[in-house]
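Chains, contacts and geometry: an overview
Chain by chain, the residues run as shown.
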Amino acid sequence: MVPWSVGLPVWLSAPEDAPEPYALAEITAIGADGTLVVTGGRAVDPQQTVLPANPEGTTASDHCGLIHLNEPCVLHNSRMRYAAGDIYTLVSDILIAINPFGPVDIYGPTVMQRYTGKALSDPSAPPHVYAVGEAAYRNLRGTRSATALVMSGESGAGKTETTKHLMAYIAFCSEKASGGGVAAALAEKILSSSPVLEAFGNCKTVRNNNSSRFGKMMRLHFDPAGSVAGGVIKSYLLEKSRVVAITSPERNYHIFYQLLVSAPLDVKGAALAGMDASDLQMVNKSSCFAIAGVDDAAHFEETCLSMSSLGISSELQAALYQLLSGLLLLGNVDFEADADEKAFVSPSHASTLAATEERLGCVNLELPLVSKESKRKSLGGLKLTKPQAQAMRDAAIKDVFVHIFDWVVSRVNAAIAGAAVSSTGASELPYIGLLDIFGFEKFEFNSFEQLCINFTNEKLQQFFLVTVLKSEAEAHEREGVELHGVEIPDNQPIIDMLERAPMGIFRLLDSQVRSVSRVNKVSRVSRVSRVSRVSRVSRVS
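Before going into details, it helps to say that this report is about the structure given with it.

Conventions we followed
- Residues numbered from 1 in each chain as written.
- Predicted model: local features only at pLDDT ≥ 70, side-chain atom pairs only at ≥ 80, totals over all residues.
- Heavy atoms only, no water.
- Helix = DSSP H or I, 4+ residues; strand = E, 2+ residues; numbered from the N terminus.
- Buried < 20%, exposed > 50% of the residue type's maximum accessible area, 1.4 Å probe, protein only.
- Contact = heavy atoms within 4.5 Å.
- Lys, Arg positive; Asp, Glu negative; His and termini not counted.
- Charge placed at Lys NZ, Arg CZ, Asp CG, Glu CD.
- Salt bridge = Lys/Arg side-chain N within 4 Å of Asp/Glu carboxyl O.
- Pairing = 2+ DSSP bridges.
- Axes fitted to C-alpha atoms, helices over the stretch in contact; angles between N-to-C directions.
- Expected span 1.5 Å × (residues − 1).
- Arc of directions from axis to C-beta.
- Polar contact = N/O pair within 3.5 Å; in protein donor to acceptor, adjacent residues only side chain to side chain.
- Phe/Tyr/Trp six-rings, centres within 6.5 Å; stacked < 30°, edge-to-face > 60°.

1. A few points about the overall build of the protein
In terms of helices and strands, the protein carries 17 helices and 17 strands. Projecting the C-alpha coordinates of the protein onto the three principal axes gives extents of approximately 85 × 60 × 40 Å. Every one of the 541 residues in the protein was classed for burial, and the buried ones make up 43%. Taking as baseline every contact in the protein between residues at least 6 positions apart, the subset at least 24 positions apart corresponds to 61%. Distance from the positive charge centre (49 side chains) to the negative charge centre (58 side chains) of the protein: 8 Å.

The structure is reproduced here in structure tokens:
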């Protein structure tokens with residue numbers, strides 16, 4: 001219990017419509033019943049709306065070093081440090097980074113040198129992403145066991161950039177250990193993989209101009225001398241729906257805009273070369289075609305150089321861009337319906353279909369777009385309606401793009417594997433794992449993919465809560481140290497609502513889609529809604 005006294009600074013919960021969640025005040029008097037009177041004569045209940053504040057001007061490079069540690073104190077300390085140019089603050093072994101949304105001169109070899117051999121808590125080395133990289137590298141060298149670094153946060157928090165800075169620091173450590181040679185060349189290849197992965201897997205969202213729309217786990221394996229011996233990337237949950245469905249002011253994946261402004265005519269083909277982004281259905285559902293301060297032409301050149309450094313020949317690159325050009329054209333193919341409501345390619349789009357076939361290297365593309373095979377062979381192909389044909393077209397585009405993305409990742413892995421990683425991605429050497437997870441987002445229309453992404457974040461949050469906060473609380477208990485008024489948040493009700501058998505949302509969706517012939521979309525939504533209303537989430541919120 002806080003010993004309240006007159007003159008003590010406090011944080012008050014602000015009204016919901018206030019611009020900030022907390023307001024700073026000072027205790028001016030204490031009533032006989034314990035009621036606190038604060039600045040302005042307001043009487044407040046100390047059990048409900050008041051939290052102690054730190055003395056004016058108090059800051060700490062580690063939040064745990066504050067006299068009072070609560071939400072407003074953490075926010076205020078972070079704000080004060082950010083205003084002073086310090087974007088990094090520690091919470092014990094956890095590094096909090098606030099995105100500066102602009103260039104800051106705190107990176108590079110000279111700065112890296114300052115963190116070599118320093119512990120994470122070393123007072124001579126202020127909080128920095130390099131300090132975390134050094135801690136991971138020291139742990140790997142000292143224990144010869146795997147170490148994982150997780151980049152977590154909302155979309156636009158800076159996870160992708162943080163991952164790149166960590167990769168650069170680890171490559172720096174590797175080069176110092178090896179003195180150059182093969183290990184240095186391999187580290188350079190690992191760093192050069194970023195532009196191509198971002199081109200095919202990143203895009204502009206409402207909150208972020210370079211948002212990763214896939215999860216990525218990169219393992220960097222090290223030999224006994226401390227040099228990078230190989231690496232492997234595992235990707236998951238690529239947001240494939242974005243390829244055919246975007247809203248303003250977002251964009252599709254960067255590679256499409258790079259291709260449109262810079263790919264040569266013989267790659268794009270005459271049909272696509274005569275079109276602008278505003279003419280293409282895959283990108284014109286949003287009014288945003290360019291990003292302020294971003295040069296798509298320069299990034300296309302960087303993407304090509306990245307692929308070349310990874311051993312992807314110019315011929316393969318041209319074939320890849322030709323496939324992407326075909327997808328852009330296929331997105332423009334539309335349909336009409338005959339008297340029986342059966343779809344066929346609109347005559348006005350026949351030339352676009354022909355250009356698509358030429359870019360994709362296929363023939364008779366109309367047939368699989370307007371029909372599908374029947375389970376009963378005697379019936380032959382089943383004709384589709386116009387909406388079904390449009391859905392079939394979009395599904396084909398998404399499927400091909402996923403295969404392209406997976407191929408790009410496989411080529412990156414082949415280039416960075418070194419001698420330490422087998423063709424299956426296995427290695428006996430210890431590694432540092434870098435997990436760059438998507439940021440949590442809530443869109444106007446949230447797809448099933450976004451639900452999976454947000455569920456993944458909930459699971460990671462639970463892992464964080466269990467391994468960090470709950471384990472710390474248990475350690476205090478074992479040592480006989482009492483924790484007063486410390487609530488450990490728990491998101492288990494949310495996870496249960498989504499995955500718990502038999503009535504979790506994922507379980508229900510799975511059972512419902514298996515019965516698609518008997519249950520319509522409205523029924524599926526109704527069952528999911530009923531479950532969410534009676535879940536523990538509803539009861540505790």
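On we go.
2. Digging into the side chain of Thr 356
Residue position: Thr 356 is located in helix H10 (residues 350-360). Take Thr 356: its relative accessible area is 0%, and that puts it in the buried class. When neighbours within four sequence positions are excluded, Thr 356 is seen to be in contact with Gly 326, Leu 329, Leu 330, Val 333 and Leu 365.

3. Some words on the pattern of salt bridges
Summed over the entire model, instances satisfying the criterion amount to 13 salt bridges. Across the pair Arg 207 and Glu 154 runs a salt bridge, and its minimum N-O distance is 2.9 Å. With Arg 207 in the loop between strand E9 (202-203) and strand E10 (211-212) and Glu 154 in the loop between strand E8 (147-151) and helix H4 (159-178), the pair connects residues that are 53 residues apart, well separated along the chain. Ionic pairing is found between Arg 242 and Glu 250, a salt bridge with its closest N-O pair at 3.0 Å. Here the residues in one salt-bridge network are Arg 213, Glu 239, Arg 242 and Glu 250, joined through shared partners.

4. Examining the sheet that holds strand E12 (residues 228-236)
Strand pairs in the sheet, formed through backbone hydrogen bonds, run parallel or antiparallel to each other. Taken together, 4 strands build an open sheet; the order of strands is E8-E17-E11-E12 and the sheet is mixed. Both outer strands of the open sheet, E8 and E12, are each paired with one neighbouring strand and no more. Taken pair by pair, the neighbouring strands of this sheet meet at an average axis angle of 15 degrees, ignoring direction. As judged from the 8 bridges shared by strand E11 (residues 215-222) and E12, these two strands associate in the antiparallel manner. The residue of E12 that forms the bridge with Met 218 is Ile 233.

5. Considering the environment of Leu 220
Residue placement: Leu 220 occurs in strand E11. Under the relative-accessibility criterion, Leu 220 is labelled buried at 2%. Residues Leu 220 and Leu 429, spaced 209 residues apart in sequence, show a C-alpha to C-alpha distance of 9.4 Å. Aside from chain neighbours lying at most four places away, what touches Leu 220 is Ile 170, Ile 190, Gly 230, Gly 231, Pro 430, Tyr 431, Ile 432 and Leu 434.

6. Quick notes on the pairing of E8
Side-chain direction in a regular strand flips from residue to residue, so the side chains alternate between the two faces of the sheet. The side-chain alternation of E8 yields one buried face, formed by Thr 147, Leu 149 and Met 151, and one unburied face, formed by Ala 148 and Val 150. Taken together, the 5 bridges between E8 and strand E17 (residues 431-436) define a ladder with parallel strand orientation. Its bridge partner lying in E17, Val 150 is registered against Leu 435.

7. Some words on helix H8 (residues 296-309)
When the terminal C-alpha atoms of H8 are compared, their 20 Å separation across 14 residues agrees well with the 20 Å that a helix rising 1.5 Å per residue should span. Listing the buried residues of H8 in full gives Asp 296, Phe 300, Thr 303, Cys 304, Ser 306 and Met 307. One face of H8 carries all of its buried residues, which in axial projection span an arc of 160 degrees. Away from the buried face of H8 by more than 90 degrees, exposed residues Glu 301 and Leu 305 are located. Buried-residue contacts for H8 involve helix H5 (181-201), helix H6 (254-262) and helix H9 (314-330). For H8, the N-terminal capping position is held by Asp 295, with its side-chain oxygen 3.0 Å away from the main-chain nitrogen of Ala 297. Two residues or fewer after H8 comes Gly 311, characterised by a positive phi angle close to 90 degrees.

8. A word on the packing of aromatic side chains
Overall, the coordinates contain 11 aromatic pairs when judged by the stated rule. Measuring from ring centre to ring centre gives 6.4 Å for Tyr 115 and Tyr 130, while their planes differ by 75 degrees; the resulting arrangement is edge-to-face. Of the two residues, Tyr 115 sits in helix H2 (residues 109-115) while Tyr 130 sits in helix H3 (residues 129-143), which places them 15 residues apart along the sequence. Taken individually, Tyr 115 and Tyr 130 each receive the classification buried, so the pair is uniform in this respect. With a centroid separation of 5.3 Å and an interplanar angle of 25 degrees, the aromatic rings of Tyr 130 and Tyr 169 are classed as stacked. Taken together, the residues Tyr 130 in helix H3 and Tyr 169 in helix H4 connect sequence positions 39 residues apart.

It is worth stressing that arrangement in space is one thing and function is another; only the former is reported here.
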